[in-house]
Every structure is written in C-alpha cells, then in structure tokens.
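Geometric and topological summary
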Amino acid sequence: MNYNLPMPSLGADMDEGKLMEWKIKVGDKILKNQVIAAVETTKSVVDVESFREGTVMEIIAKEGDVIQVGRPIAILDIKGDQILDSTKSEMKTEIKENIRIKISPVAKKMAEENHIDFSQIKGTGAEGEITLKDIETKLRTKTEKAFLGVNLRQAIAAVMSRSKKEIPHYYLKKRMNLDSLMNWLDETNKKLTPPDRLLLPALLMRAVIVALKKFPEMNGYFKEDRFEASSNINLGIAFSVKGGGVIVPAVLEADKMSTSEFNKAVQNLAMRTKEGGLKNRELSEGTFTITNVGDLGSDEVYGIIFPPQVAIVGIGHIRKEPIIDRQDQLRAGFVVDITLSADHRVSDGLLGARFLNEIEKKLNDPFSL
Amino acid sequence: MRLTYREALRLGLKEVLATHKNSFLIGEDVGAYGGTYAVSKDFLAEFGSERIIDAPLSEVGFTGIGIGAAMGGMKPIVEIMTVNFALLAFDQIINSAAIVNFMSGGQISLPLVIRMTSGGGRQLAAQHSNSFEGWLAHIPGLKILTPATVEDARFMLGYAIKENSPVLLIEHALLFNQSAECRENISDFTPYKAQIKKPGKDLTLITYGGMLPRCLKASDEMEKKGREIEVIDLRSLRPLDDETIFTSLRKTHRVLIVDEGWRSGSLSAEISARIMESCFYDLDAPVQRLCRKEVPIPYARHLEEAIIPQIADIVLKLEEMFK
C-alpha cells in the first residue's frame with residue numbers, strides 16, 4: 001500500500017518548509033521515528049522523523065524545494081507487520097554489505113548524540129578517517145546554517161499579530177522576594193559539583209511548573225473556540241537568536257522531571273538551540289511559555305501569548321530592592337517581578353492572581369520544589 | 001630542600017632504618033662498599049653490621065633470607081643490584097614472596113621490601129640493561145613501585161616498609177643524578193595514585209620511571225608546536241591507577257604509552273588493553289605505543305640509543321599522531 005509522506009507541521013505558525021537535505025533514498029527501508037530529512041522552517045533547521053515504517057518508493061520533493069505543510073514529499077510502501085520483520089532482516093544484511101566508514105569511536109559517539117549523518121563527511125585524519133575535529137566542524141557549520149537565510153522576523157510578525165488579533169490578553173504582575181530561595185540555592189549548590197549545580201532561572205521555572213500543575217486552565221491549547229487542557233506540561237522557553245529574533249523550544253514533559261533533571265534539560269535545550277539539533281516535537285508541542293529577560297535588565301516583561309497556548313509567564317530582572325518585612329523594618333532584599341499574560345477566553349484575573357500567588361508560595365518554600 | 005635522586009633514596013632509607021628498629025638492609029656491597037649506587041654509604045658505621053648486611057653473590061640466597069626474616073616478623077629491605085640479577089631470585093620472589101600469604105591461608109604476612117635498579121642507557125650491554133618491571137607487574141601478590149621523581153625516591157620506601165605485603169621498588173639507573181626540590185614530608189603520600197606531571201588537552205602521554213624526564217622534555221617540544229600533551233607518571237605498575245588514565249583520556253581522546261620494556265606482552269600492552277575495554281568510545285585515534293626495539297641491548301652507544309626511546313623518537317611519534 002502506498003502512503004504519501006507529507007511535509008509535517010513543525011509549529012502552529014508554519015505554512016511551508018524548505019527541504020534542506022534528504023537522509024533517505026529510494027529503496028531504503030525506514031523505521032518509525034527514523035530521521036528522514038532536514039527541513040528548514042522559518043525558525044531553524046529541524047530533523048524530521050518518519051511517523052510510519054515502510055520502503056521509500058519515490059522521493060517527490062527535491063532538496064531546496066519549498067513545500068506547503070501537508071503536501072506529499074515522498075511516497076512510502078507500507079506493509080503489514082509480518083513483512084516488516086523480513087524487511088528488518090534484509091536491512092541487516094544491507095548494512096553488512098555497506099562500505100565501512102572510518103570514524104573514530106568518540107567522533108561516532110558525538111555524531112550520534114548530535115544527530116549528524118557522518119556518512120557524507122570527508123575525514124581529515126591521517127588515513128582519511130573522520131575524527132572528533134571533523135564532527136565539531138560539522139556541528140559548527142550546521143549551527144550557522146540553522147539560522148541562515150531564514151526570515152525569522154516575518155514569522156514572529158505573523159504569530160504575534162495573530163495572537164494580539166485573536167487573543168484577549170489580560171495582564172497581572174506580582175513582585176516576589178527571593179531571599180529564602182537564593183539562600184537555599186547557595187546551600188544546595190555547595191553540596192553539588194559544578195555540572196550538577198542548579199541555576200537560578202531553572203529554579204524559577206521549576207516553581208512555575210509546580211504551580212502550573214494546580215492550574216490546568218493555564219496549560220493547553222485554545223483551538224476551534226474551545227480550550228483543551230494538556231495532560232503534560234511542555235514548557236516552552238523563549239530564547240533569543242543570534243542575529244535577532246526569538247524561538248520557543250519546549251522542555252517536553254517538564255512536569256515529570258525532578259528539579260535536577262529539569263535543570264539539566266534546560267541547559268541541554270539552550271545548548272541545542274544555539275548549536276542545532278532541536279527536534280520537531282520540541283518546536284511544535286509547547287503547552288505553556290516562559291519568557292525570561294533576566295540578564296537583559298528590564299524589571300518586568302509582559303509576554304504575548306504564543307497561540308494556540310493560553311498563557312505566558314514573564315520573569316523580570318532579579319535585583320535588590322528595599323523591602324518592608326513583617327516587623328515593618330526596611331531592609332534590602334532580592335526581588336523579581338513575575339508577570340502573567342493570559343487568555344481571557346479561558347481564565348479570569350482572579351484565577352490568574354491565584355496562579356501568581358501559588359508561584360510565590362513555591363518560591364518562599366524552596367523545599368517544596 | 002634540593003636533592004638528587006640518589007640523596008633522596010639515601011635519606012629515605014636512612015629514615016626508615018632509624019624509625020623501624022626491626023628493619024635491616026641486606027644485599028651485595030651494601031655495607032663496606034656503601035652500595036653499588038652509593039645509596040647506603042656510611043650506613044655500616046651508623047647502623048652496625050647486624051642491620052647493614054653484606055651478602056655473598058647469591059640473589060636466590062639473600063632474597064630467601066629476606067623472605068624468611070619477614071615471615072619471622074622483621075622488616076627486611078633486600079637490595080638486588082639490578083633487575084638483571086633479580087632473575088636469579090625469581091623463584092624466591094614469585095614462588096615464595098608473592099604467594100606465602102595466599103598459601104598460608106592468610107596466616108603469614110610478608111612485610112618485605114626489595115629494591116633494585118632497572119633500565120638501559122649506560123652502555124652495560126645486553127645482560128645488564130633489561131627492563132623487567134612490566135614482567136614483574138604481571139604477578140598477583142606483588143606491588144611494583146617505580147619512583148621517577150626525587151620525592152618518590154625519598155618517600156616510597158617509607159610507605160612500602162609499612163605495607164604488610166611484598167613491595168618491589170624499582171629505581172632507574174639513569175635517574176640517580178637528577179635533582180629537584182623535595183618537601184620535608186607529604187602528609188597524604190600514597191604511591192598507588194598516578195600523577196599528572198604536566199597537564200594538557202590534546203593527548204595523554206603515559207609513562208613511568210626512566211622515561212618520565214624524556215616524556216616531559218618531548219612534551220615541552222610539542223608545546224612549542226602548539227600541542228598540549230598531558231604527561232602521566234604511573235608511579236605504581238601494580239596496582240595500576242586506571243582512574244587517572246581514564247579521566248585524562250576522556251579529556252584528550254588520544255593516548256601514547258612510552259614504556260622502556262619490549263613491546264610484546266609489555267606493561268604498555270596491558271594499559272592499552274584496559275583503555276580498549278573501558279574507554280573505546282572515548283578514543284579519537286588508536287592507542288599508540290613506543291617501546292624498546294625487540295632485540296637485546298647492544299653495547300655500542302649509538303646502537304643502544306637507537307633501541308631505547310629517546311626524546312626525538314617521542315617527539316616524532318607524537319607528531320605522527322597529530323598528522
């Protein structure tokens with residue numbers, strides 16, 4: 001049976017994608033979730049995974065073609081399960097017959113970790129083998145390519161205009177004291193080695209995630225005039241892109257992670273945003289967004305909701321301010337202004353205020369994180 | 001305090017004899033002559049003939065005496081002139097010293113130290129220039145220490161004498177006149193941890209004993225060419241400190257082992273195999289080895305130099321690895 005493999009939607013704002021590179025050819029047997037192509041969207045170059053198993057019958061889109069979402073890019077022959085087993089064994093023999101590529105073990109490991117197809121890389125080792133240096137070079141060019149020739153500005157303009165046109169935003173702000181959180185963080189980090197140390201922004205996001213579990217009205221999609229809460233929290237994080245613009249990859253299922261897992265996941269996401277290697281799901285399946293101006297120095301930021309999501313939290317610049325404590329004494333303390341922009345079609349200001357209060361409660365009780 | 005390797009060995013030995021009243025030194029020419037390498041010069045007068053014992057030319061005999069004395073509760077220090085003559089005592093070392101504890105079901109322990117020199121490079125011809133330390137490191141039940149620095153020359157003996165099992169201290173004949181700063185004491189001294197003598201990020205150079213100064217000089221040469229070589233002094237050949245080797249390799253992804261022994265079945269082969277077993281996926285290039293050529297050592301200086309790894313050979317090998 002033939003199946004038309006469509007250009008996938010890699011984000012709510014994506015209308016078309018440019019096929020940068022095929023990683024399969026006619027006759028290949030592909031497995032579910034196998035990376036089959038690199039597609040450039042307005043945001044970055046994304047590795048596209050196949051949703052089906054089958055044999056490639058025909059490649060429709062040529063490298064360089066711009067294809068509308070949903071239009072076929074290749075035709076697969078999909079067969080029943082019993083035949084799949086035999087294709088698997090055929091695959092094995094095929095690999096055996098392939099010419100072995102000379103690549104050093106560590107280079108191979110790094111290539112696999114970064115989803116780099118090394119079969120096309122020309123090695124620079126003494127015997128033409130691919131070394132770590134070659135993979136690092138490839139990674140750098142991949143990153144540069146990831147953001148080249150992309151009209152990110154236009155995409156942001158389209159999405160943000162749509163958001164402001166369609167979504168009735170309401171805005172709330174609450175100033176929160178971070179002294180107990182920062183003390184706890186210092187103490188905790190003393191016990192950890194540098195790679196495991198928790199980062200303050202990750203911890204603030206963690207507080208938002210924990211609070212979000214109690215407020216399903218903030219986490220999900222507004223589609224076709226109704227809201228659908230999401231069972232997972234896929235936390236989108238707004239990252240600035242070198243050369244201007246913003247992209248919002250998500251930490252998938254952030255609610256199922258421990259604080260330290262989440263801390264690592266955020267760092268890994270930031271690294272891959274910078275160097276390439278984001279997955280399509282990470283760009284298309286965010287259920288909630290955080291924008292963190294942090295070190296840019298603005299005291300507060302009111303985000304524009306990323307449709308079809310229904311809320312965005314803004315984390316401002318962390319700084320010292322005068323605080324009046326419970327004994328009415330004036331002292332200096334660390335504060336941050338946390339804002340909420342939410343969709344009034346889904347929730348009201350009262351609920352939004354409770355949500356911010358819940359975040360504050362979590363920040364005041366770091367052990368609850 | 002600045003000391004030569006020879007002075008450091010002498011000081012270390014003197015401190016041990018002064019501290020451990022049940023210790024004694026036995027070997028050829030250790031008393032009246034003051035030791036083949038003048039390490040025990042004047043000790044006979046200071047410690048007396050009961051504790052500084054000139055033995056007849058019978059390695060198997062006086063090594064056996066040392067083993068017997070250790071079984072009886074003494075702390076003997078047996079000096080065998082060089083590793084070449086230790087061959088005569090291999091039965092005692094391997095078939096007695098290494099296994100007494102095992103064969104007695106743990107009832108008998110053997111606080112025995114055997115000192116000897118090893119290595120070539122002094123035009124002493126084939127039968128006097130061997131490097132058998134890698135061979136000895138094959139034997140379970142022995143600990144093999146190879147002091148390559150002045151501080152190790154001074155402190156390894158003091159550590160070894162407190163061990164309850166046989167320790168072989170294998171000194172290198174070419175190091176005796178090297179000098180360096182030496183601390184008065186090192187509180188957390190342990191000989192079983194390899195040391196990074198020079199940090200670097202591009203390649204790990206593993207060595208020990210007489211090859212260490214050459215490797216350090218070769219790495220200096222490479223530094224001028226923009227390559228940062230990390231030089232590891234193994235210090236202990238048995239037990240081997242895998243952790244330090246693996247940690248370094250995971251940083252540099254490349255490794256060269258310089259071993260003065262012959263290549264086939266050498267210590268470098270063992271290290272290479274361990275790296276393959278544990279760090280294969282961290283390697284960016286095959287493990288390389290530089291060893292002595294597989295012929296008996298010739299007497300002629302230029303031939304001897306051609307056979308034992310020299311600084312220029314190490315540099316050449318390193319350059320090849322970066323091609």
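With that settled, the discussion passes to the sheet that holds strand 1 (residues 2–6) of chain A. Strand order in this open sheet of four strands is 1-8-6-3 (chain A), and the pairing throughout is antiparallel. Whereas interior strands pair on both sides, the edge strands pair on one side only; in this sheet they are strand 1 and strand 3 (29–30) of chain A.

Residues at a pLDDT of 70 or more form 90% of chain A, whose mean pLDDT is 84. Helix 1 (residues 81–97) of chain A is the least confidently modelled element of chain A, averaging 44 in pLDDT, while strand 17 (residues 311–315) of chain A averages 96, the highest of any element.

All names here are of chain B. By secondary structure assignment, the location of His138 is in the loop between helix 7 (133–136) and strand 6 (143–145). Exposure remark for His138: the relative accessible area of 62% places this residue in the exposed category. Sequence spacing of His138 and Leu267 is 129 residues, and the spatial spacing of their C-alpha atoms is 8.3 Å.

In this section: the side chain of His172 of chain B. All names here are of chain B. Position of His172 among the secondary structure elements: in strand 7 (residues 167–172). For His172, a relative accessible area of 4% puts it in the buried group. Residue contacts for His172: discarding those within four places in its chain leaves Tyr5, Ser118, Gly119, Gly120, Gly210 and Glu260.

In this section: the interface of chain A and chain B. Contact residues are listed per partner, giving 10 residues for chain A and nine residues for chain B. Both faces combined, the contact of chain A with chain B buries some 680 Å², and carbon together with sulfur accounts for 58% of it. Summed over the three residues of chain A that lose the most area to chain B, namely Pro105, Val106 and Lys109 of chain A, the buried surface amounts to 58% of that side. Summed over the shared surface of chain A and chain B, the result is one salt bridge. A salt bridge links Lys109 of chain A to Asp282 of chain B; its shortest N-O distance comes to 3.1 Å. The set of elements that each furnish at least two residues to the side of chain A that touches chain B consists of helix 2 (105–113) and helix 3 (132–146) of chain A. The element that contributes the greatest number of residues to the side of chain A that touches chain B is helix 2 of chain A, accounting for four residues.

On to the packing of aromatic side chains, then. Counted by the stated rule, this structure contains 13 aromatic pairs over all chains. Here the aromatic rings of Phe132 of chain B and Trp135 of chain B are separated by 4.7 Å at their centres, their planes lie at 25°, and the arrangement is stacked. For Phe132 of chain B, a relative accessible area of 8% gives the class buried. Through successive ring pairs, a cluster of aromatic residues spans Phe155, Tyr159, Phe189 and Tyr192 of chain B. Positioned over the ring face of Phe222 of chain A is Arg345 of chain A, at 3.8 Å from the centre of the ring. It is Arg292 of chain B that lies over the ring of Trp262 of chain B; its NZ or CZ is 5.8 Å from the centre.

On to the pattern of salt bridges. Across all of its chains, the model carries 44 salt bridges over all chains by this definition. We note a salt bridge from Arg115 of chain B to Glu171 of chain B, for which the minimum N-O separation is 2.8 Å. A residue pair is termed long-range when its members are at least 10 positions apart, and Arg115 of chain B in strand 5 (residues 113–118) and Glu171 of chain B in strand 7 qualify at 56 residues. Classification of Arg115 of chain B by relative accessible area gives buried; the value is 4%. Bridged by salt links that share partners, the residues Arg175, Asp299, Arg319, Glu321 and Asp337 of chain A form one connected network.

Reading guide: rules and limits
- Residues numbered from 1 in each chain as written.
- Chains lettered and ligands numbered in written order.
- Predicted model: local features only at pLDDT ≥ 70, side-chain atom pairs only at ≥ 80, totals over all residues.
- Heavy atoms only, no water.
- Pairing = 2+ DSSP bridges.
- Helix = DSSP H or I, 4+ residues; strand = E, 2+ residues; numbered from the N terminus.
- pLDDT = per-residue confidence, 0-100.
- Buried < 20%, exposed > 50% of the residue type's maximum accessible area, 1.4 Å probe, protein only.
- Contact = heavy atoms within 4.5 Å.
- Buried area = accessible area lost by both parts, 1.4 Å probe.
- Salt bridge = Lys/Arg side-chain N within 4 Å of Asp/Glu carboxyl O.
- Phe/Tyr/Trp six-rings, centres within 6.5 Å; stacked < 30°, edge-to-face > 60°.
- Lys NZ or Arg CZ within 6 Å of the ring centre and 35° of its normal.

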